[in-house]
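Working through the structure, step by step
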Amino acid sequence: MKSKLVTLCASVALLSSCGGGGGSPPATGGGATPTPTPTPTPSPTPSPSTFDDLTGDQVFNTACASVANPQGNPSITLFPDNFTLAFEEASETFTAAGSSPFGDIDASFGPADIVAEEAGVFTLYFRDSGQTVNGNPFNNVFAFGTPQFNGGSAEYVRLAELITIPAGQTVPSSFQCALGIPTELDDPLPQTVLNFGASLGANGTATRLAGTDFTIFSAADSVLSLTADPTNGSIDFTIDVRGRESTPNPAGGLPILSDTVEDLASFSGSTSIDGSVQSFSGLTANDQGLFAGEFSGWFFGPQGAEIGIAINGQVQLPDASTVSFLVVFGGPQDTP
């Protein structure tokens, strides 16, 4: 199946992506001969060359970050320990299931739930949850698609967003995830410094609370600069959280986004990889040097050709306002 990118929003602002598919081995065989021959060795199952080559049912290698309500409480979810995102080919259904920091999740989305899509870019699903928020019916929301950048599209990584009410809760939680075809351990990262940032697609939300004034932003204009050095295992990044104010659309549907991009806050993060896995995670620090969030990511494609990373965080600014954010990035290495 093909995946798509995003531009969306629901009870909170967003803009996301993701997708699904797997591989089957080719037919193998041998013929009878006048003399016995050894049993033929099956041909190895080929790895799909890109995400769009996937077929069959999938359980994705996924890195997610989450936020429980509009005023923050950033908390991370890591795959596959407690949360899975799967695709069933026969019914063309995505299912998000398992535990999260805020309660158990079980939400599915199929073709009948599609409310918007753009071929090769994104698909957006709304499904009645049977629950209410502030007395109004609440739809579970799922969006998936392909990161777009500088006129190109990612080949191995996809982005996804889920908005749902976990079991035992009365307010929605939002999950931003990166998923795709992970870099194989027997196809390690090249022994040189890898830079990511110039060609990353992004999706996410940010909020600012100043007194009683609460503002929601689309954070898809945020900028990430990440460096990975396989020679010593270090990964370091900075993120400038940038947002366009999001307001409800009187006509219904997607919210209205401001043309003005605001600089909201800056954060950083560091961690390391040791070659035993191609995923990574760690703590996010705000520009005051305080740990105030978390991040989780994977390398995707041959030799870490692409990256996906989900990040959240929170900071109180000098003017006493509080900024919280939840953003996911995906895309290829910078061109040397």
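None of these values were measured; they are calculated from a predicted model. (Residues numbered from 1 in each chain as written. Predicted model: local features only at pLDDT ≥ 70, side-chain atom pairs only at ≥ 80, totals over all residues. Heavy atoms only, no water.)

1. What about the overall build of the protein?
For the protein, the helix and strand inventory stands at zero helices and 24 strands. Within the protein, the fraction of its 336 residues that count as buried is 49%. Taking the intrachain contacts of the protein between residues at least 6 apart in sequence as the baseline, contacts between residues at least 24 apart amount to 60%. Of the roughly 14,900 Å² of accessible surface on the protein, 50% is carried by carbon and sulfur atoms. (Helix = DSSP H or I, 4+ residues; strand = E, 2+ residues; numbered from the N terminus. Buried < 20%, exposed > 50% of the residue type's maximum accessible area, 1.4 Å probe, protein only. Contact = heavy atoms within 4.5 Å. Areas by Shrake-Rupley, 256 points an atom, 1.4 Å probe, with all protein chains shown as cover.)

2. Description of the pattern of salt bridges
The tally for this structure, following the rule as stated, stands at five salt bridges. Notably, a salt bridge pairs arginine 244 with aspartate 221, separated by 2.7 Å at the nearest N-O pair. Of the two residues, arginine 244 sits in strand β18 (residues 234–247) while aspartate 221 sits in the loop between β16 (213–218) and β17 (223–229), which places them 23 residues apart along the sequence. On the basis of relative accessible area, aspartate 221 is assigned to the partly exposed category, the value being 26%. Among the salt bridges present, the one from arginine 242 reaches aspartate 263, with a minimum N-O distance of 3.1 Å. Note that arginine 242 is positioned in strand β18 and aspartate 263 in strand β20 (residues 262–272), a separation of 21 residues in sequence. Under the relative-accessibility criterion, arginine 242 is labelled partly exposed at 29%. (Salt bridge = Lys/Arg side-chain N within 4 Å of Asp/Glu carboxyl O.)

3. Remarks on the pairing of strand β4 (residues 83–88)
Two faces belong to every sheet, and in a regular strand the side chains alternate between them. Here two bridges tie strand β1 (residues 58–59) to β4, and the two strands are oriented antiparallel to one another. Counterpart to valine 59 in the pairing with β4 is alanine 86. Alignment of β4 against strand β5 (residues 93–100), held across six bridges, turns out to be antiparallel. When the bridges of β5 are listed, phenylalanine 83 appears paired with glycine 98. (Pairing = 2+ DSSP bridges.)

4. Some words on the packing of aromatic side chains
With the rule as written, the count across this model stands at 17 aromatic pairs. With centroids separated by 5.2 Å and ring planes inclined at 45°, the aromatic side chains of phenylalanine 94 and phenylalanine 142 adopt a geometry described as tilted. Remark: phenylalanine 142 occurs in strand β9 (residues 136–145) and phenylalanine 94 occurs in strand β5; sequence separation between them is 48 residues. Accessibility expressed as a relative area gives 1% for phenylalanine 94, which makes it buried. Given the relative accessible area of 2%, phenylalanine 142 is considered buried. Considering the side-chain rings of phenylalanine 102 and phenylalanine 175, the 6.5 Å spacing of their centres and the 55° angle between planes classify their relative orientation as tilted. Pair noted here: phenylalanine 102 is in the loop between β5 and β6 (103–109) and phenylalanine 175 is in strand β13 (residues 173–180), with a separation of 73 residues, a long-range link. Both residues of the pair, phenylalanine 102 and phenylalanine 175, belong to the buried class. (Phe/Tyr/Trp six-rings, centres within 6.5 Å; stacked < 30°, edge-to-face > 60°.)

5. Description of empty space enclosed by the protein
With the rule as written, the count across this model stands at one cavity of 30 Å³ or more. In this structure, the largest cavity occupies an estimated 40 Å³ of space. As for the largest cavity, its lining consists of Phe83, Leu85, Ala96, Phe142, Ala160, Glu161, Leu162, Phe175 and Cys177. Elements that contribute at least two residues to the lining of the largest cavity include exactly β4, β12 (157–164) and β13. Counted by class, the lining of the largest cavity contains eight nonpolar, no polar and one charged residues. (1 Å grid on protein atoms, 1.4 Å probe; cavity = no way out; pocket = protein on both sides within 12 Å on 5 of 7 lines; lining within 4 Å. Points joined across faces, edges and corners; volume = space filled by probe spheres on them. Nonpolar A, V, L, I, M, F, W, Y, C, P; charged D, E, K, R; others polar.)

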